[in-house]
Amino acid sequence: MLTERAQILLKTLVERYVVEGQPVGSRTLSKYSALELSPASIRNVMADLEDMGLVASPHTSAGRVPTPLGYRFFVDTLLTIQPPNSQEMIRLKAQLHPDDPQRLVANASQLLSDLTRFAGVVLVPKRRSAAFRQLEFISLSDKRILLIIITVEGEVQNRVLLTDRAYSPSELTRAANFLNQHYAGKSFTDVRRLMQDELLQLQHDITGLMSLALTAGSAALAPNRDDLVMSGEHNLLKVDELSSNMERLRKLFDVFEQKTSLVQLLDISQRAHGVQIFIGGESEVAPLDECSVVTAPYEVNGEIVGTLGVVGPTRMAYERVIPIVDITARLLSSALSYH
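Here the structure is a predicted model, which is why all the values come from computation and not from measurement.

**A word on the sheet that holds strand β10 (residues 303-313)**
Strands pair in a sheet through their backbones, by hydrogen bonds, and they do so in one of two ways: parallel or antiparallel.
And then number 1: Pairing in this open sheet of five strands is antiparallel, and the strands run β7-β3-β10-β9-β8 from one edge to the other. What marks the edges here is a single partner per strand, and that holds for β7 (228-231) and β8 (276-279). Adjacent strand axes in the sheet meet at a mean angle of 20°, parallel and antiparallel pairs treated alike.
And then number 2: Alignment of β8 against strand β9 (residues 291-300), held across four bridges, turns out to be antiparallel. Considered in β9, the bridge of Ile279 is made with Ser292.

**Brief notes about the side chain of Ser333**
And then number 1: In this fold, Ser333 is placed in helix α13 (residues 318-336).
And then number 2: If sequence neighbours within four positions are ignored, Ser333 has contacts with Tyr298 and Glu299.

**Quick look at the pairing of strand β6 (residues 156-162)**
And then number 1: In terms of strand pairing, strand β5 (residues 144-151) meets β6 through seven bridges, oriented antiparallel. Within β6, the residue paired with Ile145 across the bridge is Leu161.

**Things to note about the side chain of Ser292**
And then number 1: The residue Ser292 is located in strand β9 in this model.
And then number 2: Side-chain polar atoms of Ser292 contact the side chain of Tyr318, separated by 2.7 Å.
And then number 3: If sequence neighbours within four positions are ignored, Ser292 has contacts with Phe278, Ile279, Gly280, Val310, Val311, Gly312, Pro313, Thr314, Met316 and Tyr318.

**A short note on the pairing of β5**
And then number 1: For β5, a buried count of six out of eight residues is recorded, marking the element as mostly surrounded by other parts of the structure.
And then number 2: Where strand β4 (residues 132-141) and β5 come together, eight bridges link them in antiparallel fashion. Each residue of the ladder has a partner; that of Leu135, found in β5, is Ile149.
And then number 3: Hairpin remark: β4 followed by β5, antiparallel, with two residues in the connecting loop.
And then number 4: Once β5 ends, the chain turns through four residues before running back antiparallel as β6, passing Gly154 with a positive phi of about 90°.

**Some details on the sheet that holds β4**
And then number 1: Across the sheet, three strands lie side by side as β4-β5-β6; this open sheet has antiparallel pairing. With one partner strand each, in any of the chains shown, β4 and β6 form the two edges of the open sheet. If you compare each strand with its neighbour and ignore which way they point, the axes differ by 20° on average.
And then number 2: Its contacts with the sheet put helix α7 (residues 169-183) on β4 and β5, and the angle it makes with β4 is roughly 170°.

**A look at the packing of aromatic side chains**
And then number 1: All told, the structure shown has four aromatic pairs when counted by the stated rule.
And then number 2: A centroid spacing of 5.7 Å and a plane angle of 55° characterise the contact between Tyr71 and Tyr318, whose relative ring orientation is tilted. A residue pair is termed long-range when its members are at least 10 positions apart, and Tyr71 in helix α4 (residues 68-78) and Tyr318 in helix α13 qualify at 247 residues.
And then number 3: Residue classification places Tyr318 among the buried positions, given a relative accessible area of 0%.
And then number 4: Between Phe132 and Phe188, the aromatic rings sit 5.0 Å apart at their centres with planes inclined by 25°, giving stacked as the arrangement. Taken together, the positions of Phe132 in strand β4 and Phe188 in helix α8 (residues 188-201) put the pair 56 residues apart, joining distant regions of the chain.
And then number 5: Take Phe132: its relative accessible area is 0%, and that puts it in the buried class.

The rules behind each value
Residues numbered from 1 in each chain as written. Predicted model: local features only at pLDDT ≥ 70, side-chain atom pairs only at ≥ 80, totals over all residues. Heavy atoms only, no water. Pairing = 2+ DSSP bridges. Helix = DSSP H or I, 4+ residues; strand = E, 2+ residues; numbered from the N terminus. Axes fitted to C-alpha atoms, helices over the stretch in contact; angles between N-to-C directions. Contact = heavy atoms within 4.5 Å. Polar contact = N/O pair within 3.5 Å; in protein donor to acceptor, adjacent residues only side chain to side chain. Buried < 20%, exposed > 50% of the residue type's maximum accessible area, 1.4 Å probe, protein only. Phe/Tyr/Trp six-rings, centres within 6.5 Å; stacked < 30°, edge-to-face > 60°.

Following this line, the structure appears as structure tokens:
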């Protein structure tokens, strides 16, 4: 247990280090802590905090910096949350209103990056069903037709079909109506199996179009390949602690490119309710040892389907980042559940 003054000094040290990025000395602590302590008393408390592994002394400075353990104590015990300001809330609500789910996920990733100036990540929900709710055909040119697929979950997919002949508007309408009336709510694989005999019995003029649509639809609703959406990785190039070591930075970007470790971390976060914070080595992903990952799960109609979060340096303003991640997850859940 830390004494009250030790807690105040640790809180002040973390807050000043996050703002200034420089080791914090006793004079700064005296100025910002509002404690009437002598420099010697402050140094004694700092020595105790260092013995406990909560702060460390860089060799080149008399000041101290928080350790990952110090950040963890700060986040768990001393943090004073600062909700997003009114302008940030307006922006979040404006860009996370009910819309195409794919666009919502991309918007959430970009917003997390823009508001925190770090990397925003969203683990995309695994497609629970390959079934379609509605199809539509739109002629683009003589032999190019746009297939619009709306899934049962409200996701919109577009595919361009290259046909062997031109189709009239009435033929396109007839093909779409037939599929929607007889097979809405089924997967394209099931439709293909059920239609094998019917395709032979149908008038030959639209069977070619429907066969193309089933093939394109199956591909469009195949399991997600790119299950992680990232925005703003370049922001981390501006973080001194990360950019000062190019080898470490290269390994960090390898994690972003390969995605597997990050997906696993976000998948673990999905099993817990509320905001999760991985500081330094807590993520158990070696290239993230100098980073913190703040995550929160999001839902569709009460069911957790994915996770979103922010990847940044351990020296981040947790009091701002945590509520931004939390509120983004809540707004994304609300928007996705609209369908």
